[in-house]
Amino acid sequence: GYSNIKKITKSKNFKKIIDKDEAIKELQNIFEKFKFNKNQYSKKNVLDLGAGSKLRSLFFEDSDIYVIEPLAKKFLSLPQSDLHKAKAVHSEPAETFVSEIKEKMDFVMCLNVLDHCYDYSLVLSNIYNYLKKNGEFLLSVDIHEDFKCPMHPVSLTKEKLFTALKDIGFITKEIFETGNEFT
């Protein structure tokens, strides 16, 4: 589920972190708890990093949605996929920098992606570089201390995560956590 969500601004600040235990159906509640509204990014650029086959970013109405998803080419052929609704879809791993969107995003959402990547620091750096000045970043992370498997190639700890975010330039404002889930 999306139990750990962080809202981060390019002005180097985390705004909030909140926990939720349910999957996509709970995403609207999460956005509302962060005081996002459906029109907040109208006519603005939204990046759904690690989108999977369904765009959670469609919550934001009239936004230009961009996608970075390593399996996008495969997902686009699925009838239930809605990736075709995005303005641009990049079938790349999160570690690959997509230069066309550098400093163009008003909002980046990265939900339950970092622990599935090989280089989470590089992914966070890419996100920072995709954001416009004062852009916002919503991050969901499951903490898997000393646990690695093919689906979770890195073992994230709170310390590793916050050190990486601080080194890149983000500053934490608020944190909410539940168990091993961090938002």
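Throughout what follows, the structure given in this document is the object of discussion. Model, not experiment: these values are computed from the prediction. (Residues numbered from 1 in each chain as written. Predicted model: local features only at pLDDT ≥ 70, side-chain atom pairs only at ≥ 80, totals over all residues. Heavy atoms only, no water.)

**Side note on the nonpolar core**
Counting 31 residues, the largest nonpolar core has L47, L49, L114, L124, I127, F137 and L139 as the members making the most contacts within it. Elements with a minimum of two residues in this core: β3 (45-49), β4 (64-68), β6 (105-111), α3 (120-130), β7 (131-142) and α4 (158-168). Counting residues per element, this core draws most heavily on α3, which supplies six residues. Core analysis: the second largest hydrophobic core is formed by 13 residues, L27, F31, L111 and L138 among them. (Core = buried A, V, L, I, M, F, W, Y, C linked by side-chain atoms within 4.5 Å. Buried < 20%, exposed > 50% of the residue type's maximum accessible area, 1.4 Å probe, protein only. Helix = DSSP H or I, 4+ residues; strand = E, 2+ residues; numbered from the N terminus.)

**So, the side chain of D48**
Position of D48 among the secondary structure elements: in strand β3. In this structure D48 comes out as buried when scored by relative accessible area, which is 0%. If near-sequence neighbours (up to four positions away) are discounted, D48 is found in contact with L55, R56, S57, Y66, V67, I68 and M109. (Contact = heavy atoms within 4.5 Å.)

**Considerations on α3**
Within the span of α3, buried status applies to Y120, V123, L124, N126, I127, Y128 and Y130. If you follow the buried residues of α3, they end up packed against β3, β4, β6, β7 and α4.

**Details of the state of the cysteines**
Overall, the coordinates contain zero disulfides when judged by the stated rule. Here C110 is not disulfide-linked; the sulfur of C117 is the nearest cysteine sulfur, at 6.7 Å. On the basis of relative accessibility, which here comes to 0%, the residue C110 falls in the buried class. (Disulfide = S-S within 2.5 Å.)

**Notes on the packing of aromatic side chains**
On inspection of all chains with the given rule, the structure shows eight aromatic pairs. Here the aromatic rings of F36 and F60 are separated by 5.7 Å at their centres, their planes lie at 85 degrees, and the arrangement is edge-to-face. On the criterion of sequence distance, the pair formed by F36 in the loop between α1 (27-33) and β3 and F60 in the loop between β3 and β4 is long-range, its members being 24 residues apart. Comparing F36 with F60 shows no difference in burial state: the two are buried. (Phe/Tyr/Trp six-rings, centres within 6.5 Å; stacked < 30°, edge-to-face > 60°.)

**Quick look at the environment of S57**
Among the structural elements, S57 can be located in the loop between β3 and β4. Note: C-alpha distance between S57 and Q28 (29 residues apart in sequence) is 10.0 Å. Apart from residues lying up to four places away in sequence, S57 is in contact with V46, D48, I65 and M109. Here the side chain of S57 touches D48 through a polar contact of 3.0 Å, side chain to side chain. (Polar contact = N/O pair within 3.5 Å; in protein donor to acceptor, adjacent residues only side chain to side chain.)

**Side note on the pattern of salt bridges**
Applying the stated rule across the entire model yields four salt bridges. Across the pair D48 and R56 runs a salt bridge whose closest N-O atoms are separated by 3.0 Å. R56 gets classed as buried once you look at its relative accessible area, which sits at 7%. Taking the shortest distance from any N to any O, the salt bridge between D106 and K132 comes out at 3.2 Å. Taken together, the residues D106 in strand β6 and K132 in strand β7 connect sequence positions 26 residues apart. The class of K132 is partly exposed, set by a relative accessible area of 31%. (Salt bridge = Lys/Arg side-chain N within 4 Å of Asp/Glu carboxyl O.)

Purely geometric stuff here, so don't read any function into it on its own.
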